[in-house]
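Residue-level structural notes
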Amino acid sequence: MLELLLFAGADRYGALGVSLRADAYAPWGSSPMPRLGELDRMQDVIRKVIANEPVAELEKRLLRPGVSLGGARPKSLIEIDGQAWLVKFGEGEDEDTPLIEHATMTLAARCGIDVAQTRALPVQGRHAVAVRRFDREATARVHAVSAHVILRALGEPFGYPQLAQQLRRLCRADDIERQQEQLFRRMVFNILMDNTDDHEKNHALLRQADGSWTLSPAYDMVPSLSRLGMQAMLVGKDGADSTLHNAVSHCKAFGMTRRQATDVVDDICEVAEQWKAHFQGSGVRDADVAVLAQYLDNDRLGGQRRQGAGALRSSARRSR
Ligand SMILES: Nc1ncnc2c1ncn2[C@@H]1O[C@H](COP(=O)(O)OP(=O)(O)OP(=O)(O)O)[C@@H](O)[C@H]1O
Ligand SMILES: [Mg+2]
């Protein structure tokens, strides 16, 4: 375990680190971070890795520390204006996924969700998406843990309501309500935007100076293009089903009344209804918008979004 921490070096996720000296923080092998100008070469190296072509040692440096941050997509670290950003590349798929991720994240911000700052970076006719690291403040390191760690340590199932309950325990008393509502917003947004890859490592908590915790800004939000109909974490009484009905079913676990929950649902439906214009305004190509529309505008998701919370309110009345 210590070796894992050691070899991940100073760039690893969160604040834990291992020093090679007892009297100063001297982490293993740090080299300067790549800069924006090296983006083209980074994309080339990624293409080589995907095609199983040999990659020279020097080129590997460009992809640091891709591995220690985890996740499935090719990524690296980059320095922009003295700040650490994560940069995620396309994998040669038809869609310009990184640009779609940027558009999804900025749409989430319009839905009142605190999101990590993103930038779409043009590269080789497509884009990479840069995501500002939330576990660094200038050069300081911020303690971060994923929902996976929090829930697994307690033997709790991986679910949104379960995580919402932990926020009660971990957040500052006067911040609990806001944090729980934030998590609820993310869940509803992920359902409506077909982000079914919202697993427990795609949520994190950050430690504050007073020892309390807050949700990290939201990250890794992008339509999964899956038609799965299920989220990766539990949502409500119908398990992980991707429905708004399911989302409001455990509103109490998020510290919300049914009325508050349905108001938030309406809020998010209204903004998400404009996804197409928002994506086009972000530069997403028409062909990609058309592919996305097959998933976002079909009866299942589009239908739920257009109905908003109306149906939920009347079904609540019926069940009373
Ligand atoms: N802005 C950020 N600041 C700090 N760490 C981050 C940030 N964004 C992501 N990470 C960390 O890097 C990991 C991988 O990032 P991300 O989830 O965006 O990549 P991915 O390859 O799309 O993942 P997945 O396998 O979930 O599809 C995350 O699980 C998280 O631990
Ligand atoms: Mg992820």
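What counts and how
Residues numbered from 1 in each chain as written. Chains lettered and ligands numbered in written order. Predicted model: local features only at pLDDT ≥ 70, side-chain atom pairs only at ≥ 80, totals over all residues. Heavy atoms only, no water. UniProt positions renumbered as here; feature names shortened; annotations may be inferred. Near = heavy atom within 4 Å. Polar contact = N/O pair within 3.5 Å; in protein donor to acceptor, adjacent residues only side chain to side chain. Areas by Shrake-Rupley, 256 points an atom, 1.4 Å probe, with all protein chains shown as cover. Helix = DSSP H or I, 4+ residues; strand = E, 2+ residues; numbered from the N terminus. Pairing = 2+ DSSP bridges. Axes fitted to C-alpha atoms, helices over the stretch in contact; angles between N-to-C directions. Contact = heavy atoms within 4.5 Å. Buried < 20%, exposed > 50% of the residue type's maximum accessible area, 1.4 Å probe, protein only.

The protein chain has the name HipA-like C-terminal domain-containing protein in an unreviewed UniProt entry, where Variovorax defluvii is given as its organism. In its Sequence similarities (unreviewed entry) section, the UniProt record describing the protein chain reads: "Belongs to the HipA Ser/Thr kinase family."

1. Things to note about the site of ligand 1
Neighbouring residues of ligand 1: 20 residues in total, closest A72, R73, K75, K88 and H199. Within the side chain of K88, one N or O atom sits 2.8 Å away from an oxygen atom of ligand 1. Here H199 contributes a side-chain N or O atom positioned 2.7 Å from an oxygen atom of ligand 1. Look at ligand 1: alone it shows 610 Å² of surface, and the protein chains cover 92% of it. Contributions of two or more residues to the shell around ligand 1 are made by β2 (83-88) and β4 (126-132).

2. Focus on the sheet that holds strand β1 (residues 75-80)
The strand order across the open sheet formed by four strands is β1-β2-β4-β3, and the pairing between neighbours is antiparallel. A strand with exactly one partner marks an edge of an open sheet, and here the two such strands are β1 and β3 (118-123). The average undirected angle you get between the axes of adjacent strands in this sheet is 35°. Bridging between β2 and β4 involves four bridges; their strand directions are antiparallel. Following the sheet pairing, K88 is matched in β4 by V129. Of the strands in this sheet, β2, β3 and β4 touch helix α5 (residues 97-110), which is tilted by about 45° from β4.

3. Remarks on unusual backbone geometry
In this structure, N52 takes a positive phi of about 65° despite not being glycine. Relative to the assigned elements, N52 resides in the loop between α2 (39-50) and α3 (57-61). Exposure remark for N52: the relative accessible area of 71% places this residue in the exposed category. Phi at Q124 takes a positive value of approximately 50°, unusual for a residue other than glycine. Examined against the element boundaries, Q124 turns out to sit in the loop between β3 and β4.

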